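Listed here are the chains, written in short residue letters.
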Amino acid sequence: MTNESKTPLIRLAKRDAMDPKKVWAIRIGSIVVALILGMIPILMAGKNPFQSYGIMISGALSKPGYIRQTVKKAIPLLGCALAIAPCFKMKFWNIGAEGQITMGAIFASFISINLASHIQSRFIVLVLMMLAGALGGALWAFIPGFFKAKYNTNETLFTLMMNYIAIGIVRWLQGGPWEGRPGTQIIPMFPDNARLPNVFGVYCGWIIVLVLVVLVHIYMNYTKHGYEVAVIGDSLNTARYAGMNVGWVMMRTMLLSGAISGVVGWMLVSGANGTLNSDVAGGVGFTSITVAWLSQLNSFAMIIIASILAIIDKGSATLQTKLSVPASVAEIVSGILLFCMLGCEFFINYKLIFRGKKDKEVQA
Amino acid sequence: MQKVQSKCAIELKGITKTFGKVVANDDINLSINRGEILCLLGENGSGKTTLMNMLSGIYQPDGGEIFKDGEPVAIRSPRDAFDLGIGMIHQHYHLVDVFTAAQNIILGLDDGKMDLGAVNEKVKEICDRYGFDIDPKKKVYDMSVSQKQTVEIVKVLYRGAEILILDEPTAVLTPQETDKLFAVLRNMKADNKAIVLITHKLAEVLDVSDKVAILRKGKYIGTVDTKTATAQSLTDMMVGRSVKLNIDRPLYSNPKDKLVIENLTVVDGEGIKKLDSVTFTAKSGEILGVAGIAGSGQKELLESISGLYPIMEGSILFNGDDGSQIELVGKTPMQIRNIGVGMGFVPEDRLGMGLVGSMGMTNNMMLRSWRHGNGMFFNKKAPQALAEKVWDELEVVTPSTEFPVRRMSGGNIQKVLVGREIASKPPVLLTAYAVRGLDINTSYAIYNLLTEQKMSGAAVLYIGEELDVLLELCDRILVLCGGKVSGIVDARNTTKEEIGFMMTTVGGKGGKE
Amino acid sequence: MNALVLLFGAAGAYGTALMFGTLGEILTEKSGNMNLGVEGIMYMGGIFGLIAPNLYEQAVGEGNANPFVAILLAIVAAFAVGALAGALFSFITVTLRANQNVTGLAMATFGTGVAKFAGELRRLQIGGYVTLSNDLKFAFDNKFMPDFLKNIPIVGRIIFNQSEFFYMGIILAIAMHLFLTKTKTGLYLRAVGESPVTADAAGINITKYKYIATMVGGGITAIGGMVYTMTTAGCVWIEASLSGTGWLAVALVIFCTWRPLNAIWSSILFGALMIMYLRIIVPFFPTELYKILPYVVTIIVLVITSMRNIKDKQPPASLGVNYFREER
């Protein structure tokens, strides 16, 4: 054994606490790294990455019309991330937001299709639709929550399978009972009194989600429920010790989460799309997981992250039309973003000690 | 590479190790000789295990050097340690439950194919040589604690270890099993192996060792020959000053039956009886000690009383001050609380059960009061006040009441937990291993808190592992053996031997051998 | 009866893709790594397993391609991309210690994104569907067993009327079973997944085992995606058609109780469920609802396995938990 190898080249040590400024520097640094890595697919498509990023940003923000479309994309992402946050805080891996949105959309559409023509008041119709949407999403989330609480059934797969079932049901509805002109596989557009009004050119869902941001923040940080969720997320045994009914809290949190997703589903049919189709969630349920995690489950940070992802999404659509770079570059970039953010926490929690610097570190 | 073996197998020079801001080992010098049993003595938290973990490759030192037979060596991984002939038997056994003994023994060896027949042969040979007895085909989950320990020792010997380190090997053994282990260790010593025994039990040190090295708060104090040492001289070196070994034990004037437990029987998830017709009474103004080998049903007993463990049969009656009797069986912890039965519970697993590691003191205080008040918002004022009170009165070392308790030291964590549990002056206080891992000063602080509770009329249950403490702190001692009550004795008129015997045999002297 | 035989005969084809996906994830999970990114990895395997022979055919000219080389290239390309994904997953969870659940989900998004991107890019390059010549298509879905075997009643259709990948999958399952139960390396791998502390103390290099198992597992999983594109999908890249297969594979791992041999029959069974709507028509029952059957069955299986809690049918004890030596 040589003397050189007496201590390993790199060792790890846990940090006590890092200067918050440094923490943010690392996080922002990781976003920069992600954007640089995101250039690779663009280069592979034979395009100039800087020009491409420029097109993405201008395609998302350069005109009021573009901004409106970007906001339209951000609304469900933000709403759904808010829905997921309590579940993830509880370490309940609900990846079924996609299905919960879809179910909420189905229930809301039921009101529009069956009752809207009988009720004059737009307000009443919309409220009814919202309640129905919340009910649908809550129901869809409750089922896996119930089995998790009762039998500890794996919630990740359960919620996921529920997505496919919900989407399957819409496919059946749009080709069957709710089909408009026979053979079209399309559900007719909703009547005006079942549509959400626009505010500043975008359907008013953005106001609803901003209200939700505040409500979820209060719920998570100042209520007994939020406290229970946080304790359960840290240690199930401690929660039981404190007398919490863990099973019920899980079911209740899933009901709430599903209800919010359901409301998002209602906003999508009533606001963004004007009707129901099987692509109503369109991956929002998955992308919002990225939003929730990148913002460290902080409601206000979600506004920023949802906006960034919406810009990438809208921008990549423009990129496809202008430079014919496939729009799926958005998924790649958001995947890389998530990888980098996950990885960078390591550098916040640990410090690397290199062999040469050993003595200095010991003194410090 | 057969060299002339020097007597000194391992030498440590100036070893230093820090975790964050905590200095676990500070400039330690130590030599370990062949044909000797060296006891590494020190209180819990004095850095014994950390030091030995650096020899077994679990940790790397931040400073200092390790010499094997005079050559400087680097031990970067457990594998390096094996290659140097160093084997460590950890306090928590490193065995795969679903594997057999033989499969566990060959884990990590790269000597060609998997030939379990040959392994069994060699295992038998080792067993015969030193006087063990194990079945190589038995699965670990079917084994008793002492059998598991045997597998660990054989595993190390199978690798040809010549330096054996045992971390608190007797903590989970009965006195009889301990004697057997010591006999084996003496055989190994005769075989010219170097043996290091980590312990804090003085009697064992004096019984088995040749030399004693003492650590105190991460610092090396010195090495003495066991022949010249006495319990008092070792204690002095260990704690640094003469401590009063007596714990105050005042008598409460007017004890009343507080908890009447009859025929309590519980089974675990696999259908094994963890408590079997347990019957006893806990009185107010009394500390009732609970002794027993680890895993004799102590944990289940406390969890059953506090409503956390499903009860198969039996009754737990709580006598209120007003003469009312309340049956606790079948109630959830919340229901027990809501009908006004105050109960404090200091569980064994502090961060996994008693506290929320990621939260600060205030939010941890809230664990007992979060439901107070109407409406959906919690009230943070009362827990904040309590946190400040505990911080102040129990001298908890923490930068703020928001600092995550996970990052505090063991003693401070325990103070937070005990402080919260006694805050409401509960008529029943349940504690499990309340001083485990704490230094002597904190331990005494905890003893005093418990005695205070007793003198204010609480019925205190104290599950402990050190018989000396049980004998001096408690009024009566209940001994559990395999889930049964082996007997209840007056702590003032019993001996360690009597309790030790009851721990292994139901009924003590009256039972079968 | 005849319909059932036809169903299971066809199920073998779809089931083979699932079998590879499941086997790969079993290997990964045996090391204690729970890679939820199977969906993304199968997607990537699906496209790169197609692009590789497609490029090869383009290079040598249509008609000159050696089918054996083409198959080998497809396998190698799929395996390589899966192994890379496994390495990435290991880097983030083992080396950088991030949460496995979220990393897996990120992998699912990233992988599907990469696959769609690559598929679209290749489509733009060649100005049409990414596909192979008919000769190669035949080679990939070659039911090469002799007719007398195929003609054995029932068994012939189900077992012998299958492509080469079906038999590779079965051989792989048996090999993996032997590896895990009869070899030292297999024993050590299981130790890493059951109790990393123990394995570490025994001198087993946890990081190495986790990396290798996750990479090989990812590679096998990706081959599953390739098999799907090259057999069931007929060597044509259609983005949406693979959707959900990877997630089913993750569910199947639980269904198999982490035993490779169980993967053989359970993947065929699930293959049958996936295509049942085409083979066994139930009058008046809408096809779209029929199609959700496998997902419903998966849920039922999940619930039932969680209700019966049998000790030796549990996941590796440290599954999904990251191991840090200095933090015990």
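Calculation criteria
Residues numbered from 1 in each chain as written. Chains lettered and ligands numbered in written order. Predicted model: local features only at pLDDT ≥ 70, side-chain atom pairs only at ≥ 80, totals over all residues. Helix = DSSP H or I, 4+ residues; strand = E, 2+ residues; numbered from the N terminus. Buried ≥ 20, exposed ≤ 12 C-beta atoms within 10 Å, placed from the backbone. Contact = placed C-beta atoms within 7 Å. Rg over C-alpha atoms; globule rule 2.2 N^0.38 Å. Pairing = 2+ DSSP bridges. Axes fitted to C-alpha atoms, helices over the stretch in contact; angles between N-to-C directions. Core = buried A, V, L, I, M, F, W, Y, C linked by C-beta atoms within 7 Å. Left-handed = near helix turned anticlockwise from the far one by under 90°. Nonpolar A, V, L, I, M, F, W, Y, C, P; charged D, E, K, R; others polar. pLDDT = per-residue confidence, 0-100. Right-handed = clockwise from strand over helix to strand, strands pointing away.

Asks: What exactly am I supposed to notice about the overall build of chain A here?
Replies: A tally of regular secondary structure across chain A gives 15 helices and four strands. Counting only C-alpha atoms, chain A reaches 85 × 60 × 35 Å along its principal axes. The 364 residues of chain A split such that 53% are buried. At a minimum sequence separation of 6, the contacts of chain A that also span at least 24 residues come to 79%.

Asks: For this particular structure, what's the right way to read the overall build of chain C?
Replies: For chain C, the count of helices and strands is 15 helices and zero strands. At 20 Å, chain C has a C-alpha radius of gyration in line with the 20 Å of a compact globule built from 328 residues. Dimensions of chain C, computed from C-alpha atoms along their principal axes, come out at roughly 60 × 45 × 40 Å. Taken over 328 residues, chain C has a buried fraction of 56%. At a minimum sequence separation of 6, the contacts of chain C that also span at least 24 residues come to 81%.

Asks: What is the right way to look at the interface of chain A and chain C in this model?
Replies: When the parts of a complex come together, some accessible area is lost, and that lost area is often taken as the interface size. In this complex, chain A contributes 40 residues to the contact, which on the side of chain C involves 39 residues. For the side of chain A that touches chain C, the secondary structure elements donating two or more residues are α6 (122-151), α7 (155-175), α12 (284-294) and α14 (329-349) of chain A. Here the element with the most residues in the side of chain A that touches chain C is α14(A); it accounts for twelve residues.

Asks: Looking at this structure, I do not really get the sheet that holds strand β12 (residues 273-283) of chain B. What am I missing?
Replies: Paired through backbone hydrogen bonds, the strands of a sheet run either parallel or antiparallel to each other. All names here are of chain B. Strand order in the open sheet made by the four strands is β12-β11-β14-β15, with antiparallel pairing throughout. Edge strands, defined here as strands with exactly one partner in the open sheet, are β12 and β15 (325-327). Going from strand to strand, the sheet's axes swing by 20° on average, the running direction of each strand aside. Judged from the seven bridges that link them, strand β11 (residues 257-267) and β12 form a sheet pairing that is antiparallel. Looking at β12, one finds that Val260 is bridged to Thr281. Of the strands in this sheet, β11, β12 and β14 (313-319) touch helix α9 (residues 298-305), which is tilted by about 60° from β12.

Asks: What is the right way to look at unusual backbone geometry in this model?
Replies: Trans peptide bonds make up most of the peptide bonds, and negative phi angles are found at most residues other than glycine. The phi torsion at A:Gln185 lies on the positive side, around 60°, for a residue other than glycine. Structurally, A:Gln185 can be placed in the loop between α7 and β2 (198-199). Of note in the backbone geometry, C:Cys235 takes a positive phi value of approximately 60° without being a glycine. Considering the arrangement of structural elements, one finds C:Cys235 in the loop between α11 (206-232) and α12 (245-255).

Asks: Would you mind going over the environment of B:His94 with me for this structure?
Replies: Structurally, B:His94 is set in the loop between β6 (86-89) and α3 (101-105). Judged by C-beta crowding, with 22 C-beta atoms within 10 Å, B:His94 ranks as buried. Along the sequence, B:His94 and B:Cys8 sit 86 residues apart, while their C-alpha atoms lie 28 Å from each other. In this structure B:His94 touches C:Val197, C:Thr198, C:Ala201 and C:Ala202, once residues within four positions along its chain are discounted.

Asks: Just to check I follow, could you spell out the sheet that holds strand β18 (residues 459-463) of chain B for this structure?
Replies: Residues and elements named next belong to chain B. Here six strands make up an open sheet; going across it, the order is β16-β17-β18-β13-β19-β20 and the pairing mixed. Looking at which strands have only one partner, the edges of the open sheet turn out to be β16 (343-346) and β20 (484-490). Across this sheet, the average inter-strand angle for adjacent strands is 15°, counted without regard to direction. Pairing of strand β13 (residues 286-291) with strand β19 (residues 476-481), which is carried by four bridges, proceeds in the parallel orientation. The residue of β19 that forms the bridge with Leu288 is Arg476. α9 rests against β13, β16, β17 (428-432), β18 and β19 of the sheet, and its axis sits at about 150° to β17. Strand contacts of helix α15 (residues 440-455): β13, β17 and β18, with the helix running at about 150° to β18, the strand carrying the most contacts.

Asks: What am I meant to see in the interface of chain C and chain B here?
Replies: Contacts between the two partners involve 19 residues from chain C, matched on the other side by 16 residues from chain B. At the level of elements, α9 (184-194) and α10 (196-201) of chain C are the ones that each hand at least two residues to the side of chain C that touches chain B.

Asks: Help me out: how do you make sense of the nonpolar core in this one?
Replies: Looking at soluble globular proteins, one finds that nonpolar side chains tend to be buried together. Residues A:Ala81 and B:Tyr462 are the most contacted members of the largest nonpolar core, which totals 377 residues. For this core, the element with the highest residue contribution is helix α3 (residues 67-95) of chain C, accounting for 15 residues. If we ignore the near neighbours within four places in the chain, the residues touching A:Ala81 are A:Ser288, A:Val291, A:Ala292, A:Met302 and A:Ala306.

Asks: Looking at this structure, how should I read helix α1 (residues 48-55) of chain B?
Replies: One full turn of an α-helix is made of 3.6 residues, so residues set three or four places apart face in the same direction. Residue and element names in this part refer to chain B. In terms of burial, α1 is largely enclosed, as eight of its eight residues are buried. Within α1, the full set of buried residues consists of Lys48, Thr49, Thr50, Leu51, Met52, Asn53, Met54 and Leu55. Gly57 lies just past α1 and shows a positive phi near 85°.

Asks: Could you clarify how one ought to interpret the packing of α6(A) against helix α11 (residues 246-273) of chain A in this entry?
Replies: Residues and elements named next belong to chain A. Two elements in contact, α6 and α11, have axes separated by 6 Å at closest approach and are oriented at 145°. Judged by the sense of rotation from one axis to the other, the crossing of α6 with α11 is right-handed. Of the residues belonging to the contact of α6 with α11, the class tally is 18 nonpolar, eleven polar and two charged.

Asks: I would appreciate a short explanation of the environment of B:Ala445 in the present structure.
Replies: Residues and elements named next belong to chain B. Structurally, Ala445 can be placed in helix α15. For Ala445, a count of 19 C-beta atoms within 10 Å corresponds to the partly exposed category. A C-alpha to C-alpha distance of 18 Å links Ala445 and Leu467, two positions 22 residues apart in sequence.

Asks: Can you help me understand the confidence of the model for chain A in this one?
Replies: Caution applies to low-pLDDT parts of the model: their predicted coordinates are not meant to be read in detail. Of all residues in chain A, 93% have pLDDT values of 70 or greater, and the mean over the chain is 88. In this model residues 357-364 of chain A is a low-confidence stretch, pLDDT under 50, and it forms six contacts with partners more than four residues away in sequence or in other chains.

Asks: Looking at this structure, how should I read the packing of helix α5 (residues 97-114) of chain A against α6(A)?
Replies: The geometry of a pair of packed helices is captured by two quantities: the angle between their axes and the separation between those axes. All names here are of chain A. Interhelical geometry of α5 versus α6 gives an angle of 145° and a closest axis separation of 7 Å. For the element pair α5 and α6, the recorded crossing hand is right-handed. Of the residues in α6, those touching α5 at Gly99, Gln100, Ile101, Met103, Gly104, Ala105, Ile106, Phe107, Ala108, Phe110, Ile111 and Ser112 are Val125, Leu128, Met129, Ala132, Gly133, Ala134, Leu135, Gly136, Gly137, Leu139, Trp140 and Ala141. Looking at side-chain class alone, the contact of α5 with α6 contains 17 nonpolar, seven polar and no charged residues.

Asks: What should I look at first to understand the pairing of strand β7 (residues 163-167) of chain B in this one?
Replies: Within a regular strand, side chains alternate between the sheet's two faces. All names here are of chain B. Of all five residues that make up β7, five are buried, and the element is covered over most of its length. Neither face of β7 is exposed, since Ile163, Ile165 and Asp167 on one face and Leu164 and Leu166 on the opposite face are all buried. Pairing of β6 with β7 involves four bridges; the strand directions are parallel. Bridge pairing in β7 places Ile86 opposite Ile163. The pairing of β7 with strand β8 (residues 194-199) spans five bridges and is classified as parallel. Its bridge partner being in β8, Ile163 is matched across the sheet by Ala194. With helix α6 (residues 175-190) bridging β7 and the parallel β8, this β-α-β connection has right-handed handedness.

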